[in-house]
Amino acid sequence: MAAAQTQDLTQGDIRGVLLRFAAPLFLSQLFQQLYNSVDSLIVGNYLGKEALAAVSSSGSLIFLMVGFFGGIAIGAGVVISRYFGAREYDRMSLAIHTSIAFGLCAGVFLTVFGVLMTPAILRWMGTAPDVIDRSVLYFRVYFYGAVPLVMYNTLTGIMRALGDSRRPLYYLIFSSLLNVALDLLFVAKLGMGVGSAAAATAIAQGASMLLCFAALTKKSAAVRVEWRRIGFDRAMLREIVRNGIPAGVQNSVISIANVLVQTYINSFGSDAMAACGSYSKLEGFCFLPVVSFSAALTTVISQNLGAKRYDRAKQAARFGIAFCLILAELIGLTIANFAPTLIGVFNDDPGVVAIGARQCRTELPFFFALSFSHCIAGICRGAGKAKVSMLIMLSTWCVCRILYLTVTMRIIHEIRFLFFAYPITWSLSSVLFLIYYLKSDWIHGFDDA
């Protein structure tokens, strides 16, 4: 295995290993969030708040569509990193080629389903009449690019499972810059509308996908992908699906709850849609350490358990949780403090700014709870106990969130009570995860499988 393209996470000081592996993931998420924010910034400032509202309603629906397959990709990464840690390279290669075949099929399915079902889903969500036509256009163009979207995430997931978090960063930087350039050309220069913003994203994702394929199919690649070997191995597919189904179900069902939240947001009109969409871009920056450290913990835990380095896995868990929790909370409090100014960057309409700032100050101070839950969930996935995180998150982030909103929105239809749904359910999941982490023998997850 070439050291430049893979990294053995079972050797060296565990804190340094975790930080060095998580840092490129953090920077990758930063660039992802920057170009997502620039996307909204350009649309909001050049096309107006109705166009921003149309684009802003995209997050929960897109995650609903891709979340299940994203969970399967997480399962594939766990299997690949475990075989890498155990030095079972033939099995690892089989897992890689099977996961690519699954990703290609998933991308085709999402293209067809997304293009056909977008209008019905948006109507079900109660999308405001003044923005629904633009929303349909945005989503349909976006899902025409579902294959490169899914394959980019699949291929970078393979790289990260092998300890390579740098090349995905480089490709994402390229993709981010290309997306911004195309946004400026299509929207700001040519005035082509919201559909062109989705087209810019699809083109940028496609370019990154091609870079990933080029890197993994080179003769000099440490783990070479061969086109003739891409296909389904039934036994390996079952193993990948067994590890990925809990995360996929968790993503899909929670995203349904978030689509319900978006439906309630839509009921407050286009100001609320634009404000909450702007907030989601700011929240994404707080979410950077959460995503990067939970993903890093999954890979580090999986590799070390594959190598039977149990004490090292425990050390990684303790350090990763503490570091991520502190960093996420500091970022959250900082953004909450400057909320009106930051929301105003996307759209300076007073109604939009007021709603967005209230959401920031309600939710961001509780990012320590969100961070803790995600880190423990990442540890569970890396230990082969993804069902635990699925059950805890479904019971709190889905069932409790839906019950809270159903009751509260009927009694008091005020948007500030909608915002409370997130801190309440994050806190509930954190309590349950803490009990599990302290009381269970999670370290022997794969041994029990």
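Residues numbered from 1 in each chain as written. Predicted model: local features only at pLDDT ≥ 70, side-chain atom pairs only at ≥ 80, totals over all residues. Heavy atoms only, no water.

Caption draft 1: Looking closely at the overall build of the protein chain. Looking only at helices and strands, the protein chain features 18 helices and 0 strands. The C-alpha atoms of the protein chain give 21 Å as radius of gyration, which agrees with the globular expectation for 449 residues (22 Å, within 12%). Across its three principal directions, the C-alpha atoms of the protein chain cover 55 × 50 × 35 Å. Each of the 449 residues in the protein chain was classed as buried or not, and the buried ones make up 60%. (Helix = DSSP H or I, 4+ residues; strand = E, 2+ residues; numbered from the N terminus. Rg over C-alpha atoms; globule rule 2.2 N^0.38 Å. Buried < 20%, exposed > 50% of the residue type's maximum accessible area, 1.4 Å probe, protein only.)

Caption draft 2: Quick look at the nonpolar core. Counting 80 residues, the largest nonpolar core has I301, I379 and W442 as the members making the most contacts within it. Counting residues per element, this core draws most heavily on helix 10 (residues 270–306), at 17 residues. By size, the runner-up hydrophobic cluster in this structure holds 30 residues, among which are I100, A101, M159 and L162. (Core = buried A, V, L, I, M, F, W, Y, C linked by side-chain atoms within 4.5 Å.)

Caption draft 3: Structural context of the packing of helix 5 (residues 132–144) against helix 8 (residues 194–217). Close contact between helix 5 and helix 8 brings their axes to 8 Å; oriented N to C, the two are set at 20 degrees. One way to sum up the angle between helix 5 and helix 8 is to call them roughly parallel. Between helix 5 and helix 8 lies a crossing whose hand is right-handed. Every residue of helix 8 that contacts helix 5 at R134, L137, Y138, V141 and Y142 is listed here: V194, G195, A197, A198, A199 and T201. For the contact of helix 5 with helix 8, the residue count by class is 8 nonpolar, 2 polar and 1 charged. (Axes fitted to C-alpha atoms, helices over the stretch in contact; angles between N-to-C directions. Parallel < 35°, antiparallel > 145°, perpendicular 65-115°, else oblique. Left-handed = near helix turned anticlockwise from the far one by under 90°. Contact = heavy atoms within 4.5 Å. Nonpolar A, V, L, I, M, F, W, Y, C, P; charged D, E, K, R; others polar.)

Caption draft 4: Summary view of helix 15 (residues 386–411). The end-to-end C-alpha distance of helix 15, which contains 26 residues, comes to 36 Å, matching closely the 38 Å that a straight helix rising 1.5 Å per residue would cover. Considering bend angle alone, the principal kink of helix 15 is centred on L394 and spans about 30 degrees. (Expected span 1.5 Å × (residues − 1). Bend = angle between axes of the 7 residues up to and from the residue.)

Caption draft 5: Structural detail: the pattern of salt bridges. Following the criterion strictly, the structure yields 6 salt bridges and no others. A salt bridge links R15 to D13, with the nearest nitrogen and oxygen atoms 4.0 Å apart. The class of R15 is partly exposed, set by a relative accessible area of 47%. R416 is paired through a salt bridge with E414; the nearest N and O atoms lie 2.8 Å apart. (Salt bridge = Lys/Arg side-chain N within 4 Å of Asp/Glu carboxyl O.)

Caption draft 6: Representation of the packing of helix 10 against helix 12 (residues 339–346) in the model. Remark: helix 10 packs on helix 12, axes separated minimally by 9 Å, with the N-to-C direction vectors making an angle of 110 degrees. Relative to helix 12, the element helix 10 is oriented roughly perpendicular. Our pair here, helix 10 against helix 12, has a crossing hand that is right-handed. Taking contact as the criterion, the partners of A275, S278, Y279, K281 and L282 in helix 10 are, on helix 12, L342, I343 and F346. When its residues are assigned to classes, the contact of helix 10 with helix 12 shows 6 nonpolar, 1 polar and 1 charged.

Caption draft 7: Examining the environment of V141 more closely. Tracing the chain through its elements places V141 in helix 5. Separated by 203 residues in sequence, V141 and G344 have C-alpha atoms that sit 28 Å apart. Sequence-distant contacts of V141, that is, excluding residues within four places in its chain, are made with G195, A198 and A199.

Caption draft 8: Region of the structure containing the packing of aromatic side chains. If you walk through the whole model with that rule in mind, you get 13 aromatic pairs. Ring geometry for F293 against F323: centres 5.2 Å apart, planes inclined by 35 degrees, an arrangement best described as tilted. Pair noted here: F293 is in helix 10 and F323 is in helix 11 (residues 310–337), with a separation of 30 residues, a long-range link. Seen in terms of ring centroids, F319 and F323 are 5.7 Å apart; in terms of plane orientation they differ by 40 degrees. Their pairing is tilted. (Phe/Tyr/Trp six-rings, centres within 6.5 Å; stacked < 30°, edge-to-face > 60°.)

Caption draft 9: Spatial organisation of helix 12. Of all the residues in helix 12, the buried ones are A339, I343 and F346. The arc that holds every buried residue of helix 12, seen down its axis, measures 40 degrees, which confines them to one face. (Arc of directions from axis to C-beta.)

Caption draft 10: Structural detail: the side chain of S371. Mapped onto the elements of the fold, S371 is located in helix 14 (residues 367–382). Given the relative accessible area of 0%, S371 is considered buried.

Caption draft 11: Main features of a nonpolar patch on the surface. Together, V108, F109, V112, F113, L116 and M117 make up an exposed nonpolar region whose accessible area comes to about 550 Å². When you line up the elements, F113 lands in helix 4 (residues 89–124). Residue classification places F113 among the partly exposed positions, given a relative accessible area of 31%. (Patch = residues over 30% accessible without salt bridge, like charges linked within 9 Å, V, L, I, M, F, W, Y side chains within 5 Å. Areas by Shrake-Rupley, 256 points an atom, 1.4 Å probe, with all protein chains shown as cover.)

Caption draft 12: Fine view of the state of the cysteines. Tallying each qualifying case throughout the model produces 0 disulfides. Here C324 is not disulfide-linked; the sulfur of C375 is the nearest cysteine sulfur, at 3.6 Å. Residue class for C324 comes out buried when judged on its relative accessible area of 0%. Here C380 stays free of any disulfide, with the sulfur of C375 as its closest cysteine sulfur at 11 Å. (Disulfide = S-S within 2.5 Å.)

Caption draft 13: Representation of the side chain of R82 in the model. Within the secondary structure, R82 is located in helix 3 (residues 58–85). R82 sits in the buried class, given a relative accessible area of 17%. Side chain to side chain, R82 and E239 meet in a polar contact 2.9 Å long. (Polar contact = N/O pair within 3.5 Å; in protein donor to acceptor, adjacent residues only side chain to side chain.)

Caption draft 14: Region of the structure containing unusual backbone geometry. The backbone of R87 sits at a positive phi, close to 65 degrees, despite the residue not being glycine. Along the chain, R87 turns up in the loop between helix 3 and helix 4. With relative accessibility at 38%, the residue R87 sits in the partly exposed group. In this structure, K308 takes a positive phi of about 60 degrees despite not being glycine. Examined against the element boundaries, K308 turns out to sit in the loop between helix 10 and helix 11.

Caption draft 15: Summary view of the confidence of the model for the protein chain. Residue-level pLDDT values for the protein chain average 84, and 92% of them are 70 or greater. For the protein chain, per-element mean pLDDT is lowest for helix 18 (residues 445–448), which scores 51, and highest for helix 17 (residues 421–439), which scores 94. (pLDDT = per-residue confidence, 0-100.)

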